[in-house]
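# An overview of the molecular structure
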Amino acid sequence: MTYTRSALLATLVLAAASPLAAQDSTKTIDQGVRVGITYTPGVRPGLVVIPGPGLDSLRAIVQRDLDFSDRFEMLVLPPTAGLPSDAFRPGLAPPPLNYQLYRTLGASYAVELAAGMGGTLIRLHDVGAGKVLHEATRPFPDQADPGFRLGAHRLSDEIVRWITGTPGIASSRLALVIDRRVWRIDSDGGDITPLTGAGEEALSPAWSPDGRKLAFTLFAGGRGSIVLLDLSGGPRATVPSTNSYLNLTPMFSPDGHTLAFARSSEEGTDIYTADVVQMCCVQRLTVGRYADNLNPTYAPDGRRLAFVSTRAGLPQIYAMASDGTDQELLAPFDYGVTGSSNAPEWSPDGARVVFHREVDRSPQLFLLDVAGGRVRQLTSAGRNEDPTWAPDGRHLAFVSDRSGRRQLWVIDVESGRIRQLNTSGNARLPAWSRRLAGASLTTNP
Amino acid sequence: MRNTPATLVGLSALLLVAACGGKTAPEQPTPQSTPTTSDDAAMRRARQDSIDAAARARADAEARAKADAEARARSDASGMRTSLMDAITSKVHFDYDKADIRSDDEAALDRKAAILAANSGLRLKIAGNADERGSDEYNLALGNRRGAAAKRYLTSKGVDAGRLEVVSYGEEKPANPGHDEAAYADNRRDDFEITAGGDGLVQP
């Protein structure tokens, strides 16, 4: 993200009114800042990443991640502001931070990053209380290392956890389809990497819960098999029984043992499950009799599945037990009035199911409150479809043509804030991973 | 296509005209060989020459007519084949988000069923397609339902199910690259592809 200097200058006048030049022991803030609101109930706390020498890439990634968490009012300081290079001296007490200044700017928290002896030193200041809240040293891979960005994202998530008690979502990735290839990107849109071949036609990627595998539809000649990709570079595997007919919309169970998917045959489309640990034991869950049943998505306890069915005419959202019993309508609709509803995904906390529903023949995102059985429309501009939950259960990635072509967008369901993730080509069918841990992070298939 | 018998009648008439022309044309030169001298030998020779010339002309004309007729027959066979191929591969179309065979497509499907009945070696792949609206994944299922609907219609007319294969391309293979209602209408379709037995098709 780039920050407009002129905008900063415009707000400088405001900031300059206070005696900025007088305070910081280190440097004068020579340009203005956006004046945020200090920690008042209902308002997001102000957060500033203090500029400093070196670590530009790390600081930029962390700054953006914290912004994308949508939990803070980010205060942007010009790079010349901040602390001197000797701010961190191992073994010495932290130099005093001018808390009064940052309080004036509207910051509740301030993040310092500096290169230290044993790695990168991270210090979180509680500006309101005027003290260091957290301090840690993390060994950090070189910027050229494939693990660098994910390491930075993981650091961002930790800072979010220090402040809010729950980690951020920066260390997750998205899989998506561009030009019939599956690609993965970091949660901030960076580091785009192809996962399937250029000559293949791939659709419907789905992450395993541990982030180590990806299932997708390998489409060819009007038929499709479900392929499991080992993201650490192991061999591909085809899910049993999916070598004939058109198999689509794979989705892992929360424990990663079972893959649910849909199969189209001349009798319609029905949902099946297969054991993807033993690679066996295919079971049929629906008997559509010329209707379509597809897009299975597990509740986080693994005991129920939401799915799409055309049993009443247009596709709508239903649910069933994970063995196929107890099938019922899940998202209410008005017969003959409500448009087609598709692409459900159960939220990580189990409370909601997101899906898209056609309004005037344009798909829009809807949220179903599972306990209350109420639906709420989330979007209205352009076509908005194929939503997928971030691991925090409050962000959704989806495809929208609001900018002219089909691009990936992210919405914070709680604030309504929306942003675009730039990808070349027309983006389709995104799938958001859980937070990625450990070894799977640096592997590059 | 449906008026093929009429075409055949018209063609026969053409052939008949060509045959008559072959007979009449050589008779025209004969009146020119009226004798004008007393030289019998010369007269006889002249008459014989003209008779010969007339015979040659008649033979030429007959050969020409025969060749023309053969050419017409050949082009008729290929025309018949083209019309059979057109009938068997003609698309059927669907309403938005629907997979029901429309009444205006029933005649085309009946014709396919008749051709399939007359050509027992003929096998078809039916590919269902959707317009680009609607969910990408749902469109695959919808395309499948459209292909299956045409197959069910044909089997209900007596075609053996084993001769018809159903696949779906969803919205992945639009016939019309446009993004308007006309393009969408073109793209909500079943394609019919001959996978075996397409040579030597005979009329039902």
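Scope of this entry: the structure provided in the associated data block.

With that out of the way, let us pick up the pairing of strand S16 (residues 280-284) of chain A. Residues and elements named next belong to chain A. Pairing analysis gives three bridges linking strand S15 (residues 268-275) to S16, with the strands arranged antiparallel. Along S16, the bridge assignment pairs tyrosine 272 with arginine 284. The turn linking S15 back onto S16 is made up of four residues, and methionine 279 within it adopts a positive phi angle of 55°.

Right, let's get into helix H3 (residues 103-118) of chain B. Residue and element names in this part refer to chain B. Taking 1.5 Å per residue as the helical rise, H3 with its 16 residues ought to reach 22 Å, and the 24 Å between its terminal C-alpha atoms agrees with that figure. Taken together, the buried positions of H3 are occupied by Leu109, Lys112, Ile115 and Leu116. The buried residues of H3 all sit within an arc of 115° when viewed along its axis, so they share a single face. Turned more than 90 degrees away from the buried face of H3 sit Ser103 and Ala107, all of them exposed. Against helix H2 (40-89), strand S1 (92-93), helix H4 (136-156) and strand S4 (189-196) lie the buried residues of H3.

The interface is formed by 18 residues belonging to chain B together with 26 residues belonging to chain A. The element contributing the most residues to the side of chain B that touches chain A is H4 of chain B, with nine residues. Across the side of chain B that touches chain A, the residue classes break down as eight nonpolar, four polar and six charged.

Residues and elements named next belong to chain A. One open sheet holds the four strands; their spatial order is S21-S22-S23-S24, and the pairing between them is antiparallel. Of all the strands in the sheet, the pair left with one neighbour each is strand S21 (341-346) and strand S24 (374-377). Within this sheet the neighbouring strands show an average axis-to-axis angle of 30°, counted without direction. Bridge count for S21 against strand S22 (residues 352-359) is four bridges, and the pairing is antiparallel.

The next point concerns the pairing of strand S13 (residues 246-252) of chain A. All names here are of chain A. For S13, the buried fraction is high: seven of the seven residues fall into the buried class. Of the pairings in the sheet, the one linking S13 to strand S14 (residues 258-265) comprises five bridges and is antiparallel in character. In the sheet register, leucine 246 faces S14, and the bridge partner there is serine 264. Once S13 ends, the chain turns through five residues before running back antiparallel as S14, passing glycine 256 with a positive phi of about 80°.

Take the sheet that holds strand S7 (residues 181-186) of chain A next. All names here are of chain A. Spatially, S8-S7-S6-S29 is the arrangement adopted by the four strands of the open sheet, whose pairing is antiparallel. Lying at the two open borders of the sheet, with one neighbouring strand each, are strand S8 (193-194) and strand S29 (427-432). In the sheet, strand S6 (residues 173-178) pairs with S29 via four bridges, with the strands oriented antiparallel. Within the sheet, the bridge partner assigned to isoleucine 178 lies in S29 and is alanine 427.

About the cut-offs
Sequence order as written defines the numbering, with residues in each chain counted from 1. To read the labels, note that chains go from A and ligands from 1, taken in the order they are written. Per-residue local features of the predicted model are confined to residues with pLDDT of at least 70, and side-chain atom pairs are confined, for both listing and counting, to 80 or more; whole-chain, interface and lining totals are unaffected and use all residues. Note on pairing: two strands pair once DSSP finds at least 2 bridges between them. For helices the rule is a DSSP run of H or I covering at least 4 residues; for strands it is a run of E covering at least 2, with both sets numbered from the N terminus onward. For a helix, the expected span equals 1.5 Å multiplied by the residue count minus one. Three exposure classes are used, based on other C-beta atoms lying within 10 Å of a residue's own C-beta, which is placed from the backbone: buried for 20 or more, exposed for 12 or fewer, and partly exposed in between. To obtain the arc, one takes the directions from the helix axis to the C-beta atoms. In this description, any two residues whose backbone-derived C-beta atoms lie within 7 Å of each other are considered to be in contact. Note on residue categories: nonpolar means Ala, Val, Leu, Ile, Met, Phe, Trp, Tyr, Cys or Pro, charged means Asp, Glu, Lys or Arg, and polar means any other residue, Gly included. Geometry is summarised by axes, namely lines fitted to C-alpha atoms with helices restricted to the contacting stretch, and by angles between N-to-C directions that run from 0 to 180 degrees.

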